[in-house]
Amino acid sequence: MDIIEKNKTRMAHLSENSAELSKQIEALDWNELKSALNECIFQKEEASLPAEYDPASYFPLAPENAEQKTLYDKAFKHGEVLIRNGKTAAFTVAGGQGTRLGYDGPKGTLPVSPIKKKPLFQLFAEQILGISKKYEVTIPWYIMCSPLNLKATTAHFEEKNFYGLGKENIKFFAQGVMPATDFEGNLLRASQDSLALSPNGHGGSLKALIDSGSVADMAKRGIEHVSYFQVDNPLVSTINPLFIGLHDLQQSDMSSRSLTKTGPFEKLGNFVSIGDRITIIEYSDLPEEKALEKEDDGRIKYRAGSPAIHILRRDFIEQFASGEIKLPYHRAEKKVSYIDDNGNLINPDEPNAVKFETFVFDALPLAKNPLILEADRLEEFSPVKNKTGIDSLESSRSDQSKRARRWIEKAGYTVNEESTVEISPRTFPSTHDLQGADLQQYDLDSKIIYLGDEKRTDQ
Ligand code: UTP
């Protein structure tokens, strides 16, 4: 008996006394499960790398010659026109479980800013509000949650009165889930009444954008480009004119930001090129000798890492509607508590289960004219992933403050290196918006400096 038939028979038996479980089993997409099992368990290949690949080329952060300078100037202006004309939407993927952080609640509600302790969602909302005001336009915001955190996320926004963006301009929806199995492909139950289900990875966002009607809503609003970012990076530039402009001028289906890796083995996906296409090789899959390769000037060759910031053309996303083009499943081995067939709860000490996830960057090789634009790490990336150490709340707060000091200095003022600084993204959504601003009203000698319309009420 094949594994699907075996699962069907076993589940029919186990769900005899549970209407809830019966309903789940009926709703299960068995074909999808079959694909996932084949890709991740039965035909699992060792890190299937492309036969030949090179480091992907990218547009550097600062233009390197006159021609590039002209292109960047043109792209920035073009991006601004697209934003002003209502062609861009913000899109946050917030369906993850945040297991490493272990925070009780949707990650977007985590108080993250250094002084005001604004939640991640508030920082994005304020930035979108600030940009909308600047360009006199409504920028719709799509937020993908999971069935596990959708209710808590919408409740948060309701409580905060949608941060002033207007209920009608924020669309929340849930991504799909996949059942977890043991290493042989047998379905696991979280309880007598439920399978062990988990979100199907951020790659699920493309289908979820379609199934939730979000793409149709975008089409109605005349949106052409979708600015994709993760919920855990407070420094992200949610709607970036240069990036959007370059992406559109080069007629790219999907564009990405890159960071220069801190070392050959930094845990970021590596951008590589295969002919005229781009793909990402995960840090764990890039062979060591490749990771260590150097250019003549001493820089590592595979230095472009991915901070998971993309722009996708709306009509590129629409291609995923029919289900004919699909993203591959990745195998994640995790500890999953389950009840065995005798009803005993098992809490494993070691990974015992396979979760099936798709990754959004697997759409990159399908994209025409993909481009990569380098980003400055301190300006754009400091995610909150871990409880302590690298990529933690503490490191992110410190980076937010560091960037704020830098913005003030760029605007021509001096500020003490020891000061904790926070800038309201509603008042100053980008470093450009601080240029020429009169900061005399703020006490820049203070140890705690808050720049924003609300003034320095925390001091
Ligand atoms: P991560 O890969 O960091 O996963 O997600 P995570 O679930 O947030 O955290 P850990 O690994 O359990 O500690 C990167 C981004 O992708 C989103 C997350 O919300 C985050 O913004 N994501 C991840 C989804 O939206 N759905 C998923 O199924 C997985």
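Residues numbered from 1 in each chain as written. Predicted model: local features only at pLDDT ≥ 70, side-chain atom pairs only at ≥ 80, totals over all residues. Heavy atoms only, no water.

1. Some details on helix H13 (residues 393-410)
With 18 residues, H13 ought to run about 26 Å at 1.5 Å a step, and its terminal C-alpha atoms sit 26 Å apart, in line with that. Those residues of H13 that sit buried are Ser396, Asp399, Gln400, Ser401, Arg403, Ala404, Arg405, Trp407 and Ile408. Considering only its buried residues, H13 is in contact with helix H5 (120-135), helix H12 (377-380), strand E21 (420-423) and strand E22 (448-451). (Helix = DSSP H or I, 4+ residues; strand = E, 2+ residues; numbered from the N terminus. Expected span 1.5 Å × (residues − 1). Buried < 20%, exposed > 50% of the residue type's maximum accessible area, 1.4 Å probe, protein only. Contact = heavy atoms within 4.5 Å.)

2. Things to note about the pattern of salt bridges
Considering all chains together, one arrives at 25 salt bridges under this definition. When the shortest N-O distance is used, the salt bridge between lysine 118 and glutamate 126 registers 3.0 Å. Neither lysine 118 nor glutamate 126 differs from the other in exposure class; each is buried. The partner of lysine 402 in a salt bridge is aspartate 399, with the nearest N and O atoms 3.8 Å apart. Residue lysine 402 and its partner aspartate 399 are both found in helix H13; the two are separated by three residues, about one turn of the helix. Looking at lysine 402, the relative accessible area reads 38%, which means it is partly exposed. (Salt bridge = Lys/Arg side-chain N within 4 Å of Asp/Glu carboxyl O.)

3. Points about the site of the ligand
Taken together, 18 residues sit near the ligand, with Val93, Gly95, Thr99, Gln175 and Lys385 positioned nearest. Here an oxygen atom of the ligand and a backbone polar atom of arginine 100 are 2.8 Å apart. Protein coverage of the free-state accessible area of the ligand, which is 570 Å², stands at 87%. By residue class, the composition of the shell around the ligand is five nonpolar, nine polar and four charged. (Near = heavy atom within 4 Å. Polar contact = N/O pair within 3.5 Å; in protein donor to acceptor, adjacent residues only side chain to side chain. Areas by Shrake-Rupley, 256 points an atom, 1.4 Å probe, with all protein chains shown as cover. Nonpolar A, V, L, I, M, F, W, Y, C, P; charged D, E, K, R; others polar.)

4. Digging into the sheet that holds strand E19 (residues 353-357)
Spatially, E6-E19-E16 is the arrangement adopted by the three strands of the open sheet, whose pairing is antiparallel. Among the strands making up the open sheet, the edge pair consists of strand E6 (181-182) and strand E16 (330-334). The pairing of E16 with E19 spans five bridges and is antiparallel. The residue bridging histidine 330 from the neighbouring strand is glutamate 357, located in E19. (Pairing = 2+ DSSP bridges.)

5. Digging into helix H3 (residues 30-42)
In this model H3 runs just 16 Å from its N-terminal to its C-terminal C-alpha over 13 residues, more than 12% under the 18 Å that 1.5 Å per residue would give. Residues Trp30, Glu32, Leu33, Ala36, Leu37, Cys40 and Ile41 constitute the buried set of H3. Each buried residue of H3 sits inside an arc of 150° when the element is viewed along its axis, so together they form one side. Elements that come into contact with the buried residues of H3 comprise helix H1 (3-14), helix H2 (19-27), strand E5 (177-179), E6, E16 and E19. Of the residues flanking the start of H3, the one acting as N-cap is aspartate 29, its side-chain oxygen 3.2 Å from the backbone nitrogen of asparagine 31. (Arc of directions from axis to C-beta.)

6. Observations concerning the nonpolar core
Among the nonpolar cores identified, the biggest contains 42 residues, and Ile83, Phe121, Trp141, Ile143, Phe157, Ile170 and Leu373 are the most heavily contacted of them. When contributions to this core are tallied by element, the ones reaching two or more residues are helix H4 (66-84), H5, strand E3 (141-145), strand E4 (170-174), helix H9 (241-249) and strand E20 (371-374). Top contributing element to this core by residue count: H5, with eight residues. Apart from the residues within four sequence positions on either side, isoleucine 143 is in contact with Thr92, Ala94, Phe121, Phe157, Ile170, Lys171, Phe172 and Phe173. (Core = buried A, V, L, I, M, F, W, Y, C linked by side-chain atoms within 4.5 Å.)

7. A word on the pairing of strand E2 (residues 88-93)
Within E2, six of the six residues are buried, which leaves it mostly tucked inside the rest of the structure. In E2, alternate side chains face the same way, and those of Thr88, Ala90 and Thr92 on one face and Ala89, Phe91 and Val93 on the other are all buried. In terms of strand pairing, E2 meets strand E10 (residues 225-230) through six bridges, oriented parallel. For alanine 89, the partnering residue across the bridge sits in E10 and is valine 226. Here four bridges tie E2 to E3, and the two strands are oriented parallel to one another. Paired with alanine 90 across the strands is tryptophan 141, a residue of E3. Traced from E2 through H5 to E3, the parallel crossover comes out right-handed. (Right-handed = clockwise from strand over helix to strand, strands pointing away.)

8. Quick word on the packing of H4 against H9
The interhelical angle for the contact between H4 and H9, taken along N-to-C directions, is 100°, at an axis separation of 7 Å. It follows that H4 is roughly perpendicular to H9 by the angle criterion. When H4 is examined against H9, the residues Leu71, Tyr72, Lys74, Ala75, Phe76, His78, Gly79, Glu80, Leu82 and Ile83 are found in contact with a partner set consisting of Pro241, Leu242, Ile244, Gly245, Leu246, Asp248 and Leu249. Counted by class, the contact of H4 with H9 contains 11 nonpolar, three polar and three charged residues. (Axes fitted to C-alpha atoms, helices over the stretch in contact; angles between N-to-C directions. Parallel < 35°, antiparallel > 145°, perpendicular 65-115°, else oblique.)

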